[in-house]
Every structure is written in structure tokens, then in C-alpha cells.
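Results of the structural survey
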Amino acid sequence: MSTASAPVPSLPLWLNAELTYRCPLHCVFCYNPTGYAQHTEELTTEEWCSVLRQARELGTVQLGLSGGEPLLRDDLEEIVGEAVRLGYYVNLITSGVGLTQPRIELLETAGLHHIQLSFQDSTRELNDFLSSTRTFELKRRVAQLVKQYDYPMVMNIVLHRINIDHVGEILRMAQSLGADHVELANTQYYGWAFQNRQHLLPSREQVARAEQAVAEFRAQNSHMKIYFVVPDYHATRPKRCVNGWGTTFLNIAPDGVALPCHEARMLPGLEFPNVREQALRAIWSSPAFERYRGDSWMREPCRSCPEKAKDLGGCRCQAYLLTGDAANTDPVCDLSPEHARVTDAVEDASRGHRSLPLLFRSDENSRRLLAARD
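The rules behind these values
Residues numbered from 1 in each chain as written. Predicted model: local features only at pLDDT ≥ 70, side-chain atom pairs only at ≥ 80, totals over all residues. Heavy atoms only, no water. Helix = DSSP H or I, 4+ residues; strand = E, 2+ residues; numbered from the N terminus. Rg over C-alpha atoms; globule rule 2.2 N^0.38 Å. Buried < 20%, exposed > 50% of the residue type's maximum accessible area, 1.4 Å probe, protein only. Contact = heavy atoms within 4.5 Å. Areas by Shrake-Rupley, 256 points an atom, 1.4 Å probe, with all protein chains shown as cover. Lys, Arg positive; Asp, Glu negative; His and termini not counted. Charge placed at Lys NZ, Arg CZ, Asp CG, Glu CD. Pairing = 2+ DSSP bridges. Patch = residues over 30% accessible without salt bridge, like charges linked within 9 Å, V, L, I, M, F, W, Y side chains within 5 Å. Salt bridge = Lys/Arg side-chain N within 4 Å of Asp/Glu carboxyl O. Arc of directions from axis to C-beta. Polar contact = N/O pair within 3.5 Å; in protein donor to acceptor, adjacent residues only side chain to side chain. Disulfide = S-S within 2.5 Å. pLDDT = per-residue confidence, 0-100. Phe/Tyr/Trp six-rings, centres within 6.5 Å; stacked < 30°, edge-to-face > 60°. Lys NZ or Arg CZ within 6 Å of the ring centre and 35° of its normal.

Observations concerning the overall build of the chain
Within the chain one finds 15 helices and 9 strands. Computed over C-alpha atoms, the radius of gyration of the chain comes to 20 Å, within 12% of the 21 Å expected from 2.2 N^0.38 for 374 residues, which places it in the range of a compact globule. Overall size of the chain, expressed as C-alpha extent along the three principal axes, is 60 × 50 × 45 Å. By the burial criterion, 55% of the 374 residues in the chain qualify as buried. If you take every contact in the chain between residues at least 6 apart in sequence, the share linking residues at least 24 apart comes to 73%. Split by element, the accessible area of the chain, about 16000 Å² in all, is 51% carbon and sulfur. The positive charge centre, built from 39 side chains, and the negative charge centre, built from 46, are 2 Å apart in the chain.

Structure, rendered in C-alpha cells:
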């Protein structure tokens, strides 16, 4: 018997404002869409401020300012100031490129609460290779600025096959820079990371060694909060994506398209509204945001699964990328009839199978991928 429940819209508590797709880095694991070169328009200052006001009226309290690189927006301080005035807790998610002392002073004056700084590795050589830039020393200087201005030192490192064996060194680097929080975020395979999956997906042995290195470091350094995000492909049950489709998280892309997660604009058959054309309150209840709310949309085996309220069927974008249908069970789940797509990918990666070159995020490569689709 079906126990599907009707979707019940809750409040979007967390707003992520992707201020721009422009970025000085060219990371091989970037979560921005591979076709970002076709989305060149950006909301104006006033349009972003209008989004912030509307979201606060809906009850949103947490604001992430991301990109691309949000520091490329000349109006960042104005946007931060308005967000603080409205009562948001404001988090800047940055590569550090562009965060000079005058800029951080302006952001501090505007009321910025939190800075999350990314590194690609603990070594200059690999950090700069993975982003195709020379930014390692710059990032170290920015980390010192963050501490100088009394922000909590929050460091993010995306893990994958190329750097996961450096976890111990990464944690020691974070410690030397005075990090209070470290997020070791195993790559999620969307966007550019999916394009480069053959090169980035770690073996099971690598993940096990990394978990052991983290456990040993934690045991000796309890003052530092370390978050180790297990890679989906090495799990047997999916995660509840952004706490559930259209329940908590609202993402606004640079051109104003509203999304229930960062990657959802890839999904066919859904028309995602634009904040230039609709108010956020209407967007939150729009057909695209209703599509995968609750569990009434689920097929078997999810529909009758006793765990469906826990994971809500997993990630719709992952289901689409791996099976061609966003309504299928996330194949990370070992109950999915498509689970072999995940285990086969892990085994191929462990054997070192590489049929495609490593592709760096760039405007030129984005245009090439768009042309190949046409």
C-alpha cells in the first residue's frame, strides 16, 4: 500500500546567492554548470537587495555569498551591508583571490559575520595545478588576514583522488594557519567534477586511509572542528539532498534563476522561475519547486521503503546524471536497480581507467562543451 504524503512547503531558511559565475580559478571539480558560459547576465545590486528583502519576509536567516568568486562583484560590500541590516547571518564563500586588507576592512565595516576560505591542497604545486593558477601563497596570506580581523578561521578543502592521500598534511596546514573549523568535502560529482570523474573518484582504500588519518588527528586535536563528508559513491544509502528538495535551501543563480539546489538547472522538463519575473513567495510554491517535495513523486523501491523519510530518495541531480531520469532512485542506494552504475564507476577508478583528458573549468572549455551538445 502506498504511504506517499503530500508535499508541505516549509520555510527557506538558507539562501545561497551565487553572485557571479566569473572566477579567477579553473578548478577541475567546480560545481558551477559546465555550460556557465551561456549564462553571462548578472543581477544588479538593487535586484540582489530585493531578493534579500523578499527572502527575509519568507523567514530566511542564513545567507551564503558565493560564485564563482563573489569578490569580483564591486558591490559586494553594499550587498553585505543590506543583508546585515535585514538581519541575516552572512557567510562569504571565497577562494581568497581579491581579499586584500582594504577589502576585508570594508567587509568588516559592512558587518560580515563569517568567511569560508578554500584551499585545493597543502602543497603549492598541487594547489596551483588543480586550480590552474598561482594562488597558494596568496591563500596563506588571506588566511592570516582572516585571523587578524578576528573572523573564525573556516577552511574548506575539496577531496578527490588526486589529493585525498594528503589529508594528514592538509590538517596540519590548517592547524598551522589557526583554523577553527575544517571541512574536508569529498567531491560531489556534478558540473565539472562529473566531467572529470575518471580522474577524481578515489578508491575505497584511499577513502578508508583518509578516514583513519582524520580520526587520528581528531584524537590529538580536539579543539579543531573537522567535518569529513563521505563521498556519495562510497556509501550504500544516499544523503538527504540539501535537507530535501524545496524544504530549506534556496539557490539564486547569477542570472536570477531560482533553484532548489545548486545543480538543478540541468534537469530537463522543469522550468525554474527567475526572480526578475516572479516574487520569491510565488517561486517557493511554483511547480518546479513542488516537483520533488515530500514523497508522493516516488517510484519503487523508494515509495515503500521504510527509510524514505530519512533520505527522501537521495539526490535528483545524481539520479538524472547516472540513470537519465531524475525521478529514479538515487543509484548510490544499494536498493536501486541501477546501483551497479556507482559500483562500476568506483571499480573503474580503482583500476586507473582514464579515457578522457582532465578538463579545467574555463570559458573556452565551457563553450566547447556547449557546442558539443548542439
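Remarks on the sheet that holds strand 1 (residues 14–18)
On the basis of which strands lie adjacent, the open sheet formed by 9 strands has the order 7-6-5-4-3-2-1-8-9 and mixed pairing. This sheet does not close on itself; its edge strands, each paired only once, are strand 7 (225–229) and strand 9 (258–259). Of the strand pairs in this sheet, strand 1 and strand 8 (residues 249–252) are connected by 4 bridges, and their pairing is parallel. The partner of Asn16 across the bridge, within strand 8, is Asn251.

Regarding helix 13 (residues 316–323)
For helix 13, a buried count of 6 out of 8 residues is recorded, marking the element as mostly surrounded by other parts of the structure. Within helix 13 the residues assigned to the buried category are Arg316, Cys317, Gln318, Ala319, Leu322 and Thr323. Against helix 7 (191–195), helix 8 (197–200) and helix 14 (340–350) lie the buried residues of helix 13. A positive phi of about 85° marks Gly324, the residue just after helix 13.

Some details on a nonpolar patch on the surface
On the surface, a cluster of nonpolar side chains totalling about 360 Å² of accessible area is made up of Leu11, Leu13, Trp14 and Val61. When you line up the elements, Leu13 lands in the segment before strand 1. Looking at Leu13, the relative accessible area reads 39%, which means it is partly exposed.

Let's talk about the pattern of salt bridges
Under the criterion given, the structure shown has 22 salt bridges. Linking Glu307 and Arg237 is a salt bridge whose minimum nitrogen-to-oxygen distance equals 3.2 Å. Residue Glu307 is located in the loop between helix 11 (287–290) and helix 12 (308–311), and its partner Arg237 is located in the loop between strand 7 and strand 8; the two are separated by 70 residues in the primary sequence. Residue Glu307 is classed as partly exposed on the basis of its relative accessible area, which comes to 26%. Looking at Arg237, the relative accessible area reads 28%, which means it is partly exposed. With a shortest N-O distance of 2.4 Å, Arg237 and Asp334 are connected by a salt bridge. On the criterion of sequence distance, the pair formed by Arg237 in the loop between strand 7 and strand 8 and Asp334 in the loop between helix 13 and helix 14 is long-range, its members being 97 residues apart.

Structural notes on helix 15 (residues 363–373)
Looking only at helix 15, the buried set comprises Asn365, Ser366, Leu369 and Leu370. Seen along its axis, helix 15 keeps its buried residues to an arc of 140°; they face one direction. Exposed side chains of helix 15 directed beyond 90 degrees from the buried face belong to Arg367, Arg368, Ala371 and Ala372. Elements that come into contact with the buried residues of helix 15 comprise helix 7.

Some points on the side chain of Lys308
Along the polypeptide, Lys308 turns up in helix 12. Within the structure, the side chain of Lys308 is placed 2.8 Å from the backbone oxygen of Arg303, a separation counted as a polar contact.

Considering unusual backbone geometry
In this structure, the amide linkage connecting Gly67 to the following residue, Gly68, adopts the cis form with an omega of 15°. Its location among the elements puts Gly68 in the loop between strand 2 (62–66) and helix 2 (76–86). Cis geometry marks the peptide bond from Glu300 to Pro301; its omega dihedral reads 5°. When you line up the elements, Pro301 lands in the loop between helix 11 and helix 12.

Some thoughts on the state of the cysteines
What we call a disulfide is simply a covalent bond connecting the sulfur atoms of a pair of cysteines. Summed over all chains, the structure comprises 0 disulfides. Between Cys305, a cysteine without a disulfide, and Cys333, which holds the nearest cysteine sulfur, the sulfur-to-sulfur distance is 6.4 Å.

A few points about the confidence of the model for the chain
When the pLDDT values of the chain are averaged, the result is 94; 98% of them are 70 or greater. Of the regions scoring below 50 in pLDDT, residues 1–8 engages in 14 contacts with residues more than four places distant in sequence or in other chains.

Here we look at the packing of aromatic side chains
Counted by the stated rule, this structure contains 10 aromatic pairs. Judged by centre distance (5.6 Å) and plane angle (90°), the ring pair of Phe129 and Phe360 falls under edge-to-face. Here Phe360 lies in the loop between helix 14 and helix 15 and Phe129 lies in helix 4 (residues 124–131), a separation of 231 residues in the sequence. The class of Phe129 is partly exposed, set by a relative accessible area of 40%. Grouping aromatic residues by their ring pairs yields a cluster made of Trp245, Phe272, Tyr292 and Trp297. The lysine or arginine in question, Arg56, covers the ring of Tyr88, its NZ or CZ lying 5.7 Å from the ring centre.

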